[in-house]
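Chain by chain, the residues run as shown.
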Amino acid sequence: MPHINNFAEAEAALQPYVPLVGQLTGKDTTLERIEPLMKLAGNPERELKIIHIAGTSGKTSTAYYAAALLQAGGQKVGLTVSPHVDSITERVQINGQPLPEAEFCRELEEFLKIVEQTEQPPSYFELLYAFALWVFARHKVDYAVVETGMGGLYDATNVAARPDKVCVITDIGLDHMHILGHTIPEITAQKIGIVHPGNTVLMYEQAPAVMTVVREWLAKQPGAQLLPTNEDIQRADSPVLLDGSPLYQQRNWLLAAYAYKFVANRDKLPHLTSQVLQDTLLVQVPGRMDTQTINGKTIVMDGAHNEQKMTAFTKSFKKCYPGIKPTILIALKTGKEFQAVVPLLAPLASRVIVTAFKTSQDLPAVSMDPDQLAKAFEKAGAKNVSVIPGLQAAYAKLIEQTDKVGIVTGSFYLLSQARRIAV
C-alpha cells in the first residue's frame, strides 16, 4: 500500500470502499460484516464508555453538544458523526478537534492494513466507524460519543453493546423509509435497537406510536432502563440563557445536557457551572443554522431534508430573522419526500433557485430532478422560481440575488459542495 501523506490521498485510499455502500445498504443488512473487522482491530468498542445517539432529527447536534459537555466536565472525549460536511476528519474528533492531517493519514494507513485482512471488505461508513473507535481506544479517551449512520438495530455502530452504554434517542420521524420502514413504529423499532441489556435510555417523551415500541423493546433487554423527560422540564431546570440559539438547537442541547447530568451522577463527574454550560451552547455544529458572511450578505446553511427537520429549521429561521424573505438555494436527494418539504419553504422565500448535485459518502447521493422540484415550488405558490443545474452558477446567482439573507438547504451533500465554493 502506498503511503498516505495528505487528506486527498486519504480520500483516494478510501475510494474502493465507496461503491460498497450502494451495494450493501438495505440488502441483508447485518452486523456480520463489521464484527470480523472489529475483532481484527482489537474490539475497541469493548474498551470504551460510549454515548450512543440514534433518532431521525437532531442526532448530530446532540452528539456535538454531548461531547462538548463531557469535555467541559474534564473528560477526554472522542466524537464520530456522519455524514461529514466540510472534511472527513469530522468523523474522528478528540476533544472537539479533528486529528491533525499528518496524524490522521498515518493512523489511517496503519488501519487500512488491518482492513486488508478481512475476508469481506467493509463499506465506507463501516470502515470509518471502526477506524474512529480504533483511534479512540489508542488515544485512551474517557468517553466516545457515537452517532448512528442509519437506523440503529442493524447499523454498524451497534456492535457497541457494553452494559454501561448510554443511549440517547432524539426525535423520531419519517426518513430513509425505503430501508427503515414506512411507519413510525417500524422506524422506531430500528432506532431503539441500539439498546442492549443493562443500557440506559434518555429521550424526550414522544408520540404513543414511538413510546409503545420503545417500552416493548426495553422489556426484552434485561436491566435496561428508560428515563424519559420533556423539553419543558429541562427548560425549567436549566440555568442557561437559551434565547440566543435556534429553537431546535435549544431542544437538542437540553437533551444533551440531560444526558450529561445522568452520566455525571453515575460516574461522579463534576457538575458544571452555569457559565460553563452556557459556553457549550455556543458550539457550532457544521451545517445546522450555520451562517457565513459572503460579500456582506448573510448566508444561512442548514441540511434540513425532511418534513420534521424543515419544520424545525423554518420555525427557527423566522425567530432569528423576523420579517426576512430570503433567496433560497435548494437541492433534495432523490427519494426525499419533497411534497412535504416544499410547502414549508415556499411561503418563506422571495426567490427560489433549484440546483443539482451528485456525490457519495455513506450513501450514493444524487439529487432529484430540479425541474420537478421547481414545479412543486410553483404549485406551492413560490414566486421567482428558477432552475440552474450547475451548482457553481446556482451559488453565484444566490449571492447576486440575495439582499440581506440567503439560505442554502435541502441536503448536507449540497451544503458540503456549496461550502467549498463559498470558501
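Everything discussed here concerns the structure shown above.
Remember, it's a predicted structure, so these values are computed and weren't measured experimentally.

With that settled, consider the overall build of the chain. Within the chain one finds 17 helices and 16 strands. In summary, the chain has a C-alpha radius of gyration of 21 Å against a globular reference of 22 Å for 423 residues, a match within 12%. For the chain, the C-alpha atoms occupy an extent of roughly 55 × 55 × 40 Å along the three principal directions. Taking the intrachain contacts of the chain between residues at least 6 apart in sequence as the baseline, contacts between residues at least 24 apart amount to 77%. Computed over 40 positive and 42 negative side-chain charges, the inter-centroid distance for the chain is 4 Å.

Looking now at the packing of aromatic side chains. One pass over the structure, following the stated rule, counts 8 aromatic pairs. Centre to centre, the rings of Phe-111 and Phe-131 are 5.5 Å apart; their planes meet at 50°, and the pair counts as tilted. On the criterion of sequence distance, the pair formed by Phe-111 in helix H5 (residues 101-115) and Phe-131 in helix H6 (residues 124-138) is long-range, its members being 20 residues apart. Take Phe-111 and Phe-131: they sit in the same class, and that class is buried.

Omega for the bond connecting Ser-82 with Pro-83 falls within 30 degrees of zero, at -10°, which places this linkage in the cis form. With respect to the helices, strands and loops of the structure, Pro-83 is situated in the loop between strand E2 (77-80) and strand E3 (93-94). Even without a glycine there, the phi angle at Asn-95 is positive, about 50°. Tracing the sequence through the fold places Asn-95 in the loop between E3 and strand E4 (97-98). At Lys-140, a position not held by glycine, the phi torsion is positive, near 55°. Counting through the fold element by element, Lys-140 comes out in the loop between H6 and strand E5 (143-147). According to the relative accessible area criterion, Lys-140 is exposed, its value standing at 65%.

Of all the positions in helix H9 (residues 208-218), only Val-210, Met-211, Val-213, Val-214 and Leu-218 are classed as buried. Along the long axis of H9, the arc covered by the buried residues comes to 165°, so they all point the same way. Buried residues along H9 sit in contact with helix H8 (184-191), strand E7 (200-204) and strand E8 (225-229).

The subject of this paragraph is the sheet that holds strand E9 (residues 290-294). The strands making up a sheet associate through backbone hydrogen bonding, with each pair oriented either parallel or antiparallel. The strand order across the open sheet formed by 6 strands is E9-E10-E16-E11-E12-E15, and the pairing between neighbours is mixed. Of all strands in the sheet, those bounded by a partner on one side alone are E9 and strand E15 (385-387). Averaged over all neighbouring strand pairs, the angle between strand axes comes to 20°, with direction disregarded. For E9 and strand E10 (residues 297-302), the ladder comprises 5 bridges, and the chain directions are antiparallel. The residue bridging Thr-293 from the neighbouring strand is Thr-298, located in E10. Here helix H15 (residues 370-379) sits on the sheet and contacts strand E11 (327-330), strand E12 (351-354) and E15; the angle it forms with E15, its principal contact strand, is near 180°.

Consecutive residues of a regular strand have side chains that alternate between opposite faces of the sheet. Summarising burial for E10: 5 of the 6 residues are buried, a large majority. Sheet analysis places E10 next to strand E16 (residues 405-409), joined by 5 bridges and oriented parallel. Bridge pairing in E16 links Thr-298 to Val-405.

For Tyr-413, the position within the fold is in helix H17 (residues 412-422). Taking the C-alpha atoms as reference points, Tyr-413 and Thr-229, 184 residues apart in sequence, are found 33 Å from one another.

Let us now look at the environment of Glu-9. Note that Glu-9 resides in helix H1 (residues 7-14). Glu-9 sits 338 residues away from Pro-347 along the chain, and the two C-alpha atoms are 44 Å apart.

Secondary-structure assignment places Ser-367 in the loop between strand E14 (364-366) and H15. Looking at Ser-367, its side chain comes within polar contact range of the main-chain nitrogen of Phe-357, at 2.9 Å.

Every α-helix winds through 3.6 residues per turn, so residues three or four apart in the chain are directed the same way. When the terminal C-alpha atoms of H6 are compared, their 21 Å separation across 15 residues agrees well with the 21 Å that a helix rising 1.5 Å per residue should span. In terms of burial, H6 is largely enclosed, as 14 of its 15 residues are buried. Phi turns positive, to about 55°, at Lys-140, one or two residues after H6.

Thresholds applied
Residues numbered from 1 in each chain as written. Predicted model: local features only at pLDDT ≥ 70, side-chain atom pairs only at ≥ 80, totals over all residues. Heavy atoms only, no water. Helix = DSSP H or I, 4+ residues; strand = E, 2+ residues; numbered from the N terminus. Rg over C-alpha atoms; globule rule 2.2 N^0.38 Å. Contact = heavy atoms within 4.5 Å. Lys, Arg positive; Asp, Glu negative; His and termini not counted. Charge placed at Lys NZ, Arg CZ, Asp CG, Glu CD. Phe/Tyr/Trp six-rings, centres within 6.5 Å; stacked < 30°, edge-to-face > 60°. Buried < 20%, exposed > 50% of the residue type's maximum accessible area, 1.4 Å probe, protein only. Arc of directions from axis to C-beta. Pairing = 2+ DSSP bridges. Axes fitted to C-alpha atoms, helices over the stretch in contact; angles between N-to-C directions. Polar contact = N/O pair within 3.5 Å; in protein donor to acceptor, adjacent residues only side chain to side chain. Expected span 1.5 Å × (residues − 1).

As far as function goes, none of this settles anything; it's purely spatial.
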